[in-house]
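Each chain is listed here by its residues.
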Amino acid sequence: MQPDKKGYFGEYGGRFVPETLIPVLDELEANYRVLKNDAAFWGEFESLSRDYSGRPTPLYDAEGMTGHCGGARIFLKREDLAHTGAHKINNALGQGLLARKMGKRRIIAETGAGQHGVATAAVCAKLGLKCIVYMGEEDVRRQALNVFRMKLMGAEVKTVCGGSRTLKDAINEAIRDWVTNARDSHYLLGSVVGPSPYPRMVRDFQSIIGKEARKQIKDKTGRLPDYIVACVGGGSNAIGIYHPFLKDEEIRLIGVEAAGKGLKSGMHAATLVAGSTGILHGTRSYLLQDKEGQIKQTHSISAGLDYPGVGPEHSFLKDSGRVKYVAVDDGQALEGFRLLCRTEGIMPAMESAHAIYYAAKLAGSLNRDEIIVINLSGRGDKDIDIVAEAMGAGL
Amino acid sequence: MSCIDDVFKKKRKKALIAYVTVGYPSIEATIKVVPMLAESGCDIVELGIPFSDPMADGATIQQASFCARQNGTTPKHCIELVRQLRQEVSIPLVFMTYYNPVFKYGIEKFCCDSVEAGVNGIIVPDMPPDEGFELETISHKQGLDLIYLLAPTSTAERIEMVVRRSRGFIYLVSVTGTTGARESLTTDLGELVTGIKKKTSKPICVGFGISTPQQAEQVASVADGVIVGSQIIKLMQAKDNFKSVCGFVKELRQAIDRAWSS
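Owing to the predicted nature of the structure, the values given are computational and were not obtained by experimental measurement.

### Notes on the overall build of chain A
- The helix and strand tally for chain A stands at 16 helices and 14 strands.
- Counting only C-alpha atoms and orienting by the principal axes, one finds that chain A spans roughly 55 × 45 × 40 Å.
- A separation of at least 24 residues holds for 74% of the contacts in chain A among residues at least 6 apart in sequence.
- Surface accessibility of chain A: about 13,300 Å² in total, with carbon and sulfur atoms responsible for 50%.
- On chain A, the mean spot of the 51 positive side-chain charges and the mean spot of the 47 negative ones are 2 Å from each other.

Right under this line is the structure:
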């Protein structure tokens, strides 16, 4: 679906940002509107997606996992094989090209797990743009490898010590930088969140995942899948794969959020499953908040899901019932991680491991002639330390 | 005519507006300091309702908001505080907060309770007029002035929209950036204000980054009011019974009056 002209998906979306940024968003939107119909722009995006990012990523028939689960046939959309190790490169590349067209030479980004930061750093190195990445202190600690990767590619990584010292606070700080340097800087937001036009624009760049998957599953099986499962933090990989299937009402779409230490513990990041409507980071959407409207601290073993908000289009899809949102906790996600390692020799990102766990349980309850596509949004190398720590294994 | 309008009708001077975060360093401190600010020469006091994610604020107010929340300050406390302050303070009091706490409280109830306690206006920096219809309609009905902001990046079209819809005054952000002390302000501030003045007779108050009497004087020479926040918060850290903050406000007052008489 397309949002209305104020950037709303139903009652969700909009632009709740300081006045300084409104003209900046207007400029961004006007430029994007032109480029959206510019064949040369999309030609460059597709050519670089192929030769730089390594697209199309394979749709892999996961026979080992299918055999282990003993039910539906499982396919993995291998975003983990995209350049820099996750789907994040799709959006970074699209917005990087857009920023260059707009004459903005300085790029600001936030990152949680570091995947978006790494993707942005790579694209900036490639396009010759200056890159500043904001990252919460807690995430800098748990994603040290990605911090080093960003620096190697010339990005300046700024550690954010305010608030919960995670993704939410990195976004606050990135917005503050953007408000200050709006004239010459582009904020390369990494998910389908934030003020309009970001949710739609990021979705457009990420929907390449679903377009490829749609063609690939038809080529391999002669039909469309019965289920599509993806993890949801801000929700960009999920929207990316869902989007080209939204109109196929018979396909069940499932979004897996992080239940952290359990929904009852309060230490989780299951925004759609356990949240309520509010306004954060420029958009009206589901939020994890207390009764005073203060944003809650979240927890997830995966930095990329550790966020108290979610994209406005997901909120709309939840209310409309088109997508079912569930939550998987830290321990279950670890189980998903190990399962894919052992049955396929593939190490998923901890974010994606949430989707793996849920899909594995689901597959076991289905018939052998049913098909599940899982969006394997990223690879797990960055999470090795966390997994080792959680398993009590020394490295 | 609202209570805020009255401030600007007194043609003998320009307005001095102080900002404090409610609950910083404690609720008791806020109750104590607001009457002192009024006595020292403030015409309006902005009371910040602390929010967990103050994206328009620099380090000083972020820290004050964090501390105020640690003290357990809620929107309810802020409204209650105004009720108490009204026993000794008659100048206009304006809430400054982000949209989510208002939204969660219930827009209608928030406006109603605020007005009933004695609040005169509200500033919501993350809610531009494009998103403001609901709050605007309700606050207007209740007699609460919804004050919109303009920025150096605002286009002619947006200036027209904001000046038409803002009540009480127009809050002009002096710099592209967050709140907090700065060495220099936008160099073309005079031009900016003159441009807006061509489109409205509503008062224009300038805030963000003003931290010295010299800057206040410079701003007062072109605008109708000067808003100072972060520097006041900083001075409240001195454990001197607010002597330094009151001294600072008096200096600001003199500087602003100097700009007016010259």
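### Examining the pattern of salt bridges
- Evaluated as defined, the whole model comprises 45 salt bridges over all chains.
- Taking the shortest distance from any N to any O, the salt bridge between Arg50 of chain A and Asp51 of chain A comes out at 3.1 Å.
- Arg50 of chain A sits in the partly exposed class, given a relative accessible area of 48%.
- For Glu108 of chain B, the salt bridge goes to Lys141 of chain B, with nearest N and O atoms at 3.4 Å.

### Some remarks on the packing of helix α4 (residues 88–101) of chain A against helix α9 (residues 198–206) of chain A
All names here are of chain A.
- At a minimum axis distance of 8 Å, the contact between α4 and α9 shows a crossing angle of 115°. In the crossing of α4 with α9, the sense of the turn from one axis to the other is right-handed. Mapping the contact onto sequence places Lys88, Asn90, Asn91, Gly94, Gln95 and Leu98 in α4 and Tyr198, Met201, Val202, Phe205 and Gln206 in α9.

### Concerning the sheet that holds strand β4 (residues 73–78) of chain A
Residue and element names in this part refer to chain A.
- Across the sheet, which stays open at both edges, the six strands sit in the order β3-β4-β14-β9-β10-β13 with mixed pairing between neighbours. Each of the sheet's edge strands pairs with one partner strand only, and the pair in question is β3 (59–61) and β13 (323–329). Neighbour to neighbour, the strand axes of the sheet diverge by 25° on average, direction disregarded.
- Of the strand pairs in this sheet, β4 and strand β14 (residues 371–376) are connected by six bridges, and their pairing is parallel. Paired with Lys77 across the two strands is Asn375, which belongs to β14.
- Packing against the sheet, helix α14 (residues 330–344) makes contact with β3, β4, β10 (252–260), β13 and β14, and its axis sits at approximately 90° to β13.

### Observations regarding the environment of Leu59 of chain A
Residue and element names in this part refer to chain A.
- In this structure, Leu59 sits in strand β3.
- Relative accessible area serves as the criterion here: at 3%, Leu59 is assigned to the buried category.
- Separated by 156 residues in sequence, Leu59 and Lys215 place their C-alpha atoms 9.7 Å apart.
- Other than its neighbours up to four places away in sequence, Leu59 contacts Phe75, Leu76, Lys77, Ala213, Gln216, Ile217, Lys220 and Val373.

### As for empty space enclosed by the protein
- With the rule as written, the count across this model stands at eight cavities of 30 Å³ or more.
- For the largest cavity, the calculated volume is near 370 Å³.
- Considering the residues around the largest cavity, the lining is formed by 30 residues, among which His87, Lys88, Ser236, Gly304 and Glu351 of chain A are closest to the centre.
- Looking at the lining of the largest cavity, the elements that each hand over two or more residues are β5 (106–111), α5 (115–127), α8 (167–181) and α11 (236–242) of chain A.
- For the lining of the largest cavity, the residue count by class is ten nonpolar, 16 polar and four charged.
- Split by domain, the residues of the lining of the largest cavity number at least three in each of domain 1 (9–49 + 88–202) and domain 2 (54–85 + 207–391) of chain A.
- Of all elements in the fold, only β2 (44–48), α3 (59–70), β9 (225–228) and α11 (230–235) of chain B reach the threshold of two or more residues within the lining of the second largest cavity.

### A look at the sheet that holds strand β7 (residues 156–160) of chain A
Residues and elements named next belong to chain A.
- Reading across from one edge, β7-β6-β5-β8 is the order of the four strands in this open sheet, with parallel pairing throughout. Two strands in the sheet have a free side with no partner beyond their single neighbour: β7 and β8 (185–187). The sheet shows a mean angle of 25° between the axes of neighbouring strands, direction not considered.
- With five bridges connecting them, strand β6 (residues 130–136) and β7 associate as parallel partners. Considered in β7, the bridge of Ile132 is made with Glu156.

### Things to note about the pairing of strand β11 (residues 276–280) of chain A
Residues and elements named next belong to chain A.
- Within β11, four of the five residues are buried, leaving the element largely enclosed by the surrounding structure.
- Where β11 meets strand β12 (residues 282–287), five bridges bridge the pair, whose relative direction is antiparallel. Each residue of the ladder has a partner; that of Thr277, found in β12, is Tyr286.

### Considerations on the packing of aromatic side chains
Residue and element names in this part refer to chain A.
- With the rule as written, the count across this model stands at 17 aromatic pairs over all chains.
- Between Trp42 and Phe205 the ring centres are 5.6 Å apart and the planes differ by 40°, which places this aromatic pair in the tilted class. With a gap of 163 residues between them, Trp42 in helix α2 (residues 39–51) and Phe205 in helix α9 connect regions that are remote in the sequence. Like Trp42, the residue Phe205 is buried in the burial classification.
- The interplanar angle of 55° and the centroid separation of 6.1 Å between the aromatic rings of Tyr187 and Tyr198 together place this pair among those described as tilted. With Tyr187 in strand β8 and Tyr198 in helix α9, the pair connects residues that are eleven residues apart, well separated along the chain. Residue Tyr187 shares its accessibility class with Tyr198, and that shared class is buried.
- Grouped by ring-pair contacts, the aromatic residues Tyr32, Phe41, Trp42, Phe45 and Phe205 constitute a single cluster.
- Cation over ring: Arg78 sits above Tyr60, and NZ or CZ is 5.8 Å from the ring centre.
- A cation sits over an aromatic face here: Lys126 above Tyr52, 5.8 Å from the ring centre.

### Here's the deal with the domain arrangement of chain A
All names here are of chain A.
- By the assigned domains, chain A splits into domain 1 (9–49 + 88–202) and domain 2 (54–85 + 207–391).
- With centres defined by C-alpha atoms, the gap from domain 1 to domain 2 works out at 22 Å.
- Summing the contributions of domain 1 and of domain 2, the shared interface buries around 3,300 Å²; its carbon and sulfur component is 59%.
- Together, Tyr12, Arg142 and Lys168 form the three largest contributors to the area buried by domain 1 at its contact with domain 2, with a combined 20%.
- Here domain 1 and domain 2 share 18 residue pairs in polar contact (both at pLDDT 80 or more) between them.
- Listing elements by their share of the side of domain 1 that touches domain 2, those giving two or more residues are β2 (12–16), α2, α4, α5, α6 (137–142), α7 (144–152), α8 and α9.
- For the side of domain 1 that touches domain 2, the class distribution of residues is 19 nonpolar, 15 polar and seven charged.

The rules behind the values
Residues numbered from 1 in each chain as written. Chains lettered and ligands numbered in written order. Predicted model: local features only at pLDDT ≥ 70, side-chain atom pairs only at ≥ 80, totals over all residues. Heavy atoms only, no water. Helix = DSSP H or I, 4+ residues; strand = E, 2+ residues; numbered from the N terminus. Contact = heavy atoms within 4.5 Å. Areas by Shrake-Rupley, 256 points an atom, 1.4 Å probe, with all protein chains shown as cover. Lys, Arg positive; Asp, Glu negative; His and termini not counted. Charge placed at Lys NZ, Arg CZ, Asp CG, Glu CD. Salt bridge = Lys/Arg side-chain N within 4 Å of Asp/Glu carboxyl O. Buried < 20%, exposed > 50% of the residue type's maximum accessible area, 1.4 Å probe, protein only. Axes fitted to C-alpha atoms, helices over the stretch in contact; angles between N-to-C directions. Left-handed = near helix turned anticlockwise from the far one by under 90°. Pairing = 2+ DSSP bridges. 1 Å grid on protein atoms, 1.4 Å probe; cavity = no way out; pocket = protein on both sides within 12 Å on 5 of 7 lines; lining within 4 Å. Points joined across faces, edges and corners; volume = space filled by probe spheres on them. Nonpolar A, V, L, I, M, F, W, Y, C, P; charged D, E, K, R; others polar. Domains from an automatic or database assignment. Phe/Tyr/Trp six-rings, centres within 6.5 Å; stacked < 30°, edge-to-face > 60°. Lys NZ or Arg CZ within 6 Å of the ring centre and 35° of its normal. Buried area = accessible area lost by both parts, 1.4 Å probe. Polar contact = N/O pair within 3.5 Å; in protein donor to acceptor, adjacent residues only side chain to side chain.

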